[in-house]
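Topology and contacts: notes
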Amino acid sequence: MYLALLVIFLQCSELYSQKRVFTFNTVDIKVQPSVKVKNGAPLSITCHADISKSTDFQLKHNFTFFKDGKLVFMTVSDKRDARYEIPVARSSDTGDYECTVEAGGKTKSSNSLHVWVTGMTKPILTAEKKEVLEGEVVKLRCELPEEVPPLYFFFRKMKMNSTPKEKSVFESQRNFSVVEFPVEEGDNILQFDCFARRNVKLEFESSEHSKKTLVTVREPFIKPTLNVKPSSNITEGDRIQIECSTVVARMRDIEIILQKNKTILNSVRDEKLLKYSAVATLEDSGEYQCKVEQGRASKTTKLNIVVSELFPKPILAASVIKLDENKELTLSCSINGFQKANFSILRKNSNADIWLKNSKNLTMRVNVNDTGSYICKAEVKGIVKESKPVTINVYAPVSKPTLSVVSGLPEVVLGKSLLLICRSVMGTPPITFTFYKGNKIKETVVNDTYATFLDENIGQNDKGGYRCDAKNNHSSGMKTSNILNITVIVPIKNASLGSVPYGEVEDGSETVFLCSVKEGSWPIRFRIFRKTDREVLLFEKNENAHRVVWRREAMNRQDTGTYYCMASNRANVDVKSHPITISVILAAWQKGVIAAFVLILIAGAVTLTLWWLLCKKKKAKGPSMEMSGSALATNLPNEKLTRQHNDGDYYSGSGYIEDSENHMKSPDESKGPDLESAEVEYTEVEVSTLDPHRGAFHKANNKKKKEKKLILCQYIFQLLYRRGLKQFIVKSEKLIMCLHHTMILWKTGILDYKGILMLLRTVVSKISWEKKTSQDGRCCKCFKSSAALIYEFARLFFSKFMSLRGTMEMFLKHLMEKITNKNSHRKVALETTDLGSHF
């Protein structure tokens, strides 16, 4: 049952809500009679709402009217229209109107509509006082009670036969304004009025003029009177009296002033009469003014007074106004048509005039100090008059001028200006100075004691000196200075630095540096610098030339660096050359010494190695080495081994052939046969290729040959040890042959490493000894050649140290090729007769 009632209630509510549906279509606003009405006319503004409803039901409407965004009227109605009535429209009702309608929770507004009420109300003008005194002010108030600001107020002051004076005031917050007008002299009856304006839509609208307000003006005092005694025919020397008086309403703050040409002569305060008395002079002629002031009020009376001249001003005459010193000057004072006067002649001075004589005439002999202005005075009846001044110039002759350069020295840098000064120590100014360059006048200057001349056109080839003339008004005439000759200094241009040799310089050698300039006046200061981490001055010299040579006798490694030179002269401009780079390298003999030192070390190392190998070989051979020493004399003479040359291997065989040897006893030795005197003959070495397929006979034969070679090698080293190598190979070719054959002995196994090293050490030591003891210089050449070859050997030795045997072969092969090319027809032989002498 309850469910059924609920369903019925919901259906009824839905039906009810469906019946009360409405919507706003439009909201309109209208103005009657029109949007533009006159001031004071009735005005009606209507708001209409156009609404659509689902059914006919009652709806409450809330109407709200706005003017310029401010609420002005509100009403509630069942009708769709509402009206806002303005019975009397004023200009303040001008504005933008709109209305808003609210009904059933819905709101809609109309468009804005501008209403303009034309015309303004008539303003009301009031004056604070109806009667005022001259000098006071009139305070006025203009008001528009029915208008709203902002407003512009205009006030006018009017009097008879004059143009109205106007003042304007802008009021942004008030509908009234207050101003003050001063009451001036001559104002009697004044009239005032006002009107207002406002700005509507960028247009000004004016109100009517207010009613005129009348203000009466009273005088606080009458216009002053001005009297002079005597009233006419006033002559210089007469006493004149001037009186100024007025009538005042009240005496407070009243003042009387007497003026002549804006100069106040006398004044009184709080009195009605002013008096002034003086002896009349010609300067007293003019317009006099009496002025009475009280507060802002002021009245003036003017009077013109003429004073007749008793006698004219005296006249001072001079016999001459320009004269030389020690000449006579006569001054005469006179008055035209008047003789009875007291005369005096004076000289003008800044502090006070200097009296000279009470007389009409003055004669004196003048000097320079008498230059100045002179006057004369004349007195008649107490009236003193002064003549116009006369200027007298006394001239002393100019001294001989001196011409000099302002900077001091008589020189100028080419391209710069020259400033000259011509000075005359004595002479009365003004002095006329004339400057000459050669015989041409360059400039004329009038000054007191000196003059300057700036010559901006200085040429390198300018000829002729400068001079100047000086003269003044003295009768002696012109004086001329001495001729001043100017030295034109040409600045340095294009400095350059060179050296011989250039670039790389050997240590200890001489280097010549040349610093030169393209042009420049002498003397020139040359400086040479070396720049490394800092700049070092090496050479400095002043030279009367465009170049300078500096010899550096012994260059060293510390001289490596960048060099440049700087040149300057009296133009005081340093010109820097382009830098050059000098590298100091080792000299050739230094390279040779280093190479020799290195090779000595290498040779020593090789010799020690060969000696060690030889000792090792000797230990291995045992007693057979001792036997071979005694049998060497009988076995060697008839034995010979040959080897055939093979193109593929320079010395590939192991055979070695020696010729016979002879034993000689030394004449200075008494012991038995000595091996020191043995002479070994060197013969040709023939090399043959061994056949690996030969039989046992060849093997046995080779064994015997090796034993013979071993005996020969041992004999050679016995000679080396016992003689100490006091005599050794002189020629490099024999040295190389010795090394060559030593290599053959080593390859065949006769010499070991120790023996070879010992031999090489001996060779190098001999070379050094021969270099020191040689007298003819041939050993020096031999030493250099040998040292170079040994140096090459050392280089190959270190590059091939691990394959020492291959290196030795390459070295000896290279040496043999050089010797062969040099001596292609010489046979390489080791003669037995020379062996004793060389070893």
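For the structure, check the block above.
About the criteria used
- Residues numbered from 1 in each chain as written.
- Predicted model: local features only at pLDDT ≥ 70, side-chain atom pairs only at ≥ 80, totals over all residues.
- Heavy atoms only, no water.
- Disulfide = S-S within 2.5 Å.
- Helix = DSSP H or I, 4+ residues; strand = E, 2+ residues; numbered from the N terminus.
- Buried < 20%, exposed > 50% of the residue type's maximum accessible area, 1.4 Å probe, protein only.
- Pairing = 2+ DSSP bridges.
- Axes fitted to C-alpha atoms, helices over the stretch in contact; angles between N-to-C directions.
- Salt bridge = Lys/Arg side-chain N within 4 Å of Asp/Glu carboxyl O.
- Phe/Tyr/Trp six-rings, centres within 6.5 Å; stacked < 30°, edge-to-face > 60°.
- Lys NZ or Arg CZ within 6 Å of the ring centre and 35° of its normal.
- Core = buried A, V, L, I, M, F, W, Y, C linked by side-chain atoms within 4.5 Å.
- Contact = heavy atoms within 4.5 Å.
- Patch = residues over 30% accessible without salt bridge, like charges linked within 9 Å, V, L, I, M, F, W, Y side chains within 5 Å.
- Areas by Shrake-Rupley, 256 points an atom, 1.4 Å probe, with all protein chains shown as cover.

Examining the state of the cysteines
Overall, the coordinates contain six disulfides when judged by the stated rule. Between the sulfur atoms of C142 and its disulfide partner C194 the distance amounts to 2.0 Å. In this structure, the disulfide formed by C142 and C194 twists by about 75° around the S-S bond and is classed as right-handed. Taken together, the positions of C142 in strand β12 (residues 137-143) and C194 in strand β16 (residues 189-200) put the pair 52 residues apart, joining distant regions of the chain. Per residue, the accessibility class of C142 equals that of C194, and both read buried. In this model, C333 is linked to C376 through a disulfide, with the two sulfur atoms separated by 2.0 Å. Its S-S torsion of about 60° marks the bond between C333 and C376 as right-handed, since a negative value means left-handed. Here C376 lies in strand β34 (residues 372-380) and C333 lies in strand β30 (residues 328-334), a separation of 43 residues in the sequence. What makes C333 buried here is its relative accessible area of 1%. The exposure class of C376 is buried, given its relative accessible area of 0%. If you count the bonded cysteines of the protein chain from the N-terminus, they pair up as 1-2, 3-4, 5-6, 7-8, 9-10, 11-12.

Quick word on the sheet that holds strand β33 (residues 361-365)
What the three strands build is an open sheet, ordered β28-β30-β33; its pairing is antiparallel. Sheet topology places β28 (315-318) and β33 at the edges, where each strand pairs with a single neighbour. Between one strand axis and the next, the sheet turns through 15° on average, direction left out of account. Here β30 pairs with β33 via five bridges, running antiparallel. Each residue of the ladder has a partner; that of L329, found in β33, is M364.

Digging into the pattern of salt bridges
Applying the stated rule across the entire model yields 30 salt bridges. In this structure, E171 and R174 form a salt bridge, with 3.0 Å as the shortest nitrogen-oxygen distance. Note on R174: relative accessible area 35%, which makes it partly exposed. Salt bridges sharing common partners tie together K157, K159 and D187.

Overview of unusual backbone geometry
Leave glycine aside and you will find that most residues have negative phi; peptide bonds, for their part, are mostly trans. Cis rather than trans, the peptide bond between Q32 and P33 has omega equal to 5°. With respect to the secondary-structure elements, P33 resides in the loop between β1 (22-32) and β2 (36-38). The omega torsion across P149 and P150 is 5°, close enough to zero to call that bond cis. Residue placement: P150 occurs in the loop between β12 and β13 (151-158). Notably, N261 is not glycine yet its phi reads approximately 50°, a positive angle. Secondary-structure assignment places N261 in the loop between β22 (254-260) and β23 (263-269). We note that K262 has phi near 65°; this positive angle belongs to a residue other than glycine. Looking at the secondary structure, you find K262 in the loop between β22 and β23. Classification of K262 as exposed rests on a relative accessible area of 80%.

Things to note about the sheet that holds strand β44 (residues 479-480)
The four strands lie next to each other as β41-β40-β43-β44, forming an open sheet whose pairing is antiparallel. The sheet is open, and its two borders are formed by β41 (440-447) and β44, each paired with just one other strand. Pairing of strand β40 (residues 431-437) with β41, which is carried by seven bridges, proceeds in the antiparallel orientation. Paired with T434 across the two strands is T444, which belongs to β41.

So, the packing of aromatic side chains
If you walk through the whole model with that rule in mind, you get 13 aromatic pairs. Between F529 and Y564 the ring centres are 5.3 Å apart and the planes differ by 15°, which places this aromatic pair in the stacked class. Taken together, the residues F529 in strand β49 (residues 524-531) and Y564 in strand β52 (residues 561-568) connect sequence positions 35 residues apart. For the residue pair F529 and Y564, the accessibility class agrees, reading buried in each case. Among the aromatic side chains, those forming a connected cluster through ring pairs are F513, F539, W550 and Y563. Over the ring of F22 we find K106, and its NZ or CZ is 4.9 Å from the ring centre. Just above the ring of F154 sits the side chain of R197; from NZ or CZ to the centre is 5.1 Å.

Here we look at the nonpolar core
F24 and F65 are the most contacted members of the largest nonpolar core, which totals 25 residues. Of all elements in the fold, only β1, β3 (43-53), β4 (61-67), β6 (81-86), β7 (95-103) and β9 (113-118) reach the threshold of two or more residues within this core. Residues contacting F65, with those up to four places away along its chain left out, are I45, T46, C47, K70, L71, V72, F73, A82, R83, Y84, E98 and C99.

Structural notes on the environment of Y374
Tracing the chain through its elements places Y374 in strand β34. With 27 residues separating them along the chain, Y374 and R347 place their C-alpha atoms 4.4 Å apart. In contact with Y374, other than residues within four places in its own chain, are L316, L331, L346, R347, L356, M364, K388, P389, V390 and I392.

A short note on the side chain of T121
In this structure, T121 sits in the loop between β9 and β10 (124-127). Leave out the neighbours within four places in its chain, and T121 touches N39, R90, L144, E146, E147 and S207.

Considering a nonpolar patch on the surface
Taken together, the side chains of L586, I594, F597, V598 and L601 make up a nonpolar region of the molecular surface, amounting to roughly 440 Å² of accessible area. Its location among the elements puts L586 in the loop between β54 (580-585) and α2 (588-621). Here L586 falls in the partly exposed class, since its relative accessible area comes to 33%.

Things to note about the environment of K348
For K348, the position within the fold is in the loop between β31 (342-347) and β32 (354-357). The exposure class of K348 is partly exposed, given its relative accessible area of 35%. Placed 42 residues apart in sequence, K348 and V390 show a C-alpha to C-alpha distance of 9.7 Å. In this view, K348 contacts D353, S373, I375 and E386; residues no more than four positions away in its chain are not counted.

Shape descriptors only; they carry no functional weight alone.
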